[in-house]
Amino acid sequence: ERITAIETIADSYRELKMAAGIFTIDARTQLGHLPNSIDDLVAAAQEHNDVLIPFGSVDPRIGEDAIVEAIRQVEELGVWGMKFHPSLQGFDPSEPQYLPLWRKLAELGVPALFHTGQNGIGAGMAGGGGIKLRYSNPLLLDDIAAEVPDLTIIMAHPSVPWQDEANSIAIHKPNVYIDLSGWRPKYFPESLVRFASNMLADKLLFATDYPLLAPGRWLADFAELPIKDEVRPKILKGNALKALGLK
């Protein structure tokens, strides 16, 4: 089933002449079960490596095993980066106990992609399904950016309600980027749009959040934003090449 879904995603993006990053999230400690098979996901992505970019994931809460697994995923499976969701995984990424993992990812030369901001998972459920929003405050990632300057950090999504914090970190720290997935551009926070043409021109990365948000709708909205024309190619492709370490 997962493989069929990956084939469908690949076909969709091939038609659009776009690449897509794909991943699952390892939240075994918090959720009490293993994630979808990352090995299967990467193998399927490699069948479509003209358009699909596989990211790995480890549960930081399993300690040394997380580092061992991160090394395996990068060196043996060939993932391009690692995806984390602090609220879903139930951890504070700024805590010192996780520093060895961030340092190892920097050494391996792959970016760390962190969910930031508002959370759809658990919304409206009793206690928000136990999800703690503060773990997705981008300010927690500033600690990592400061202490592990060689680690490329991508803050996923406009970080509502902490957009000013996210802007500040991305402007202040050379190793931090913001991806624009999860929100239609017409709903982007005003400060994000205002800085896109200047201080964040080299820091914003096109992304949609397929299948929740289709690329066509995102691009149509993006065309309407008051952003300088010369900055648009950077946001759509150039900045991502830099963040992923590509030419």
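Data block above holds the structure.
Residues numbered from 1 in each chain as written. Predicted model: local features only at pLDDT ≥ 70, side-chain atom pairs only at ≥ 80, totals over all residues. Heavy atoms only, no water.

## A short note on the sheet that holds strand 4 (residues 112-115)
- The strand order across the open sheet built from five strands is 3-4-5-6-7, with neighbouring strands paired in parallel fashion. The open sheet is flanked by strand 3 (82-84) and strand 7 (204-205), the only strands paired with a single partner.
- In this sheet, strand 5 (residues 153-156) lies alongside strand 4 in parallel orientation, the contact comprising four bridges. In the strand pairing of strand 5, alanine 112 is matched with isoleucine 153.
- Along the sheet face, helix 7 (residues 139-147) touches strand 4, strand 5 and strand 6 (176-179) and points at about 170 degrees away from the line of strand 5. (Pairing = 2+ DSSP bridges. Helix = DSSP H or I, 4+ residues; strand = E, 2+ residues; numbered from the N terminus. Contact = heavy atoms within 4.5 Å. Axes fitted to C-alpha atoms, helices over the stretch in contact; angles between N-to-C directions.)

## A few points about the pattern of salt bridges
- Under the criterion given, the structure shown has 11 salt bridges.
- Arginine 28 is paired through a salt bridge with aspartate 26; the nearest N and O atoms lie 2.8 Å apart.
- On the basis of relative accessibility, which here comes to 2%, the residue aspartate 26 falls in the buried class.
- Where salt bridges share partners, they join Asp11, Arg14 and Asp50 into one cluster. (Salt bridge = Lys/Arg side-chain N within 4 Å of Asp/Glu carboxyl O. Buried < 20%, exposed > 50% of the residue type's maximum accessible area, 1.4 Å probe, protein only.)

## Focus: the side chain of histidine 48
- One can find histidine 48 in the loop between helix 3 (38-46) and strand 2 (52-54).
- What histidine 48 contacts, discounting residues up to four positions off in sequence, is Ile6, Glu7, Ala10 and Arg14.

## So, the environment of tyrosine 135
- Locating tyrosine 135 in the fold gives a position in the loop between strand 4 and helix 7.
- The exposure class of tyrosine 135 is buried, given its relative accessible area of 13%.
- Counting along the chain gives 12 residues from tyrosine 135 to alanine 123, while the straight-line C-alpha distance between them is 15 Å.
- Contact partners of tyrosine 135, with chain neighbours within four places excluded, come to Pro86, Ser87, Gly90, Phe91, Asp92, Pro93 and Leu140.

On their own, these measurements won't tell you what the molecule is for.
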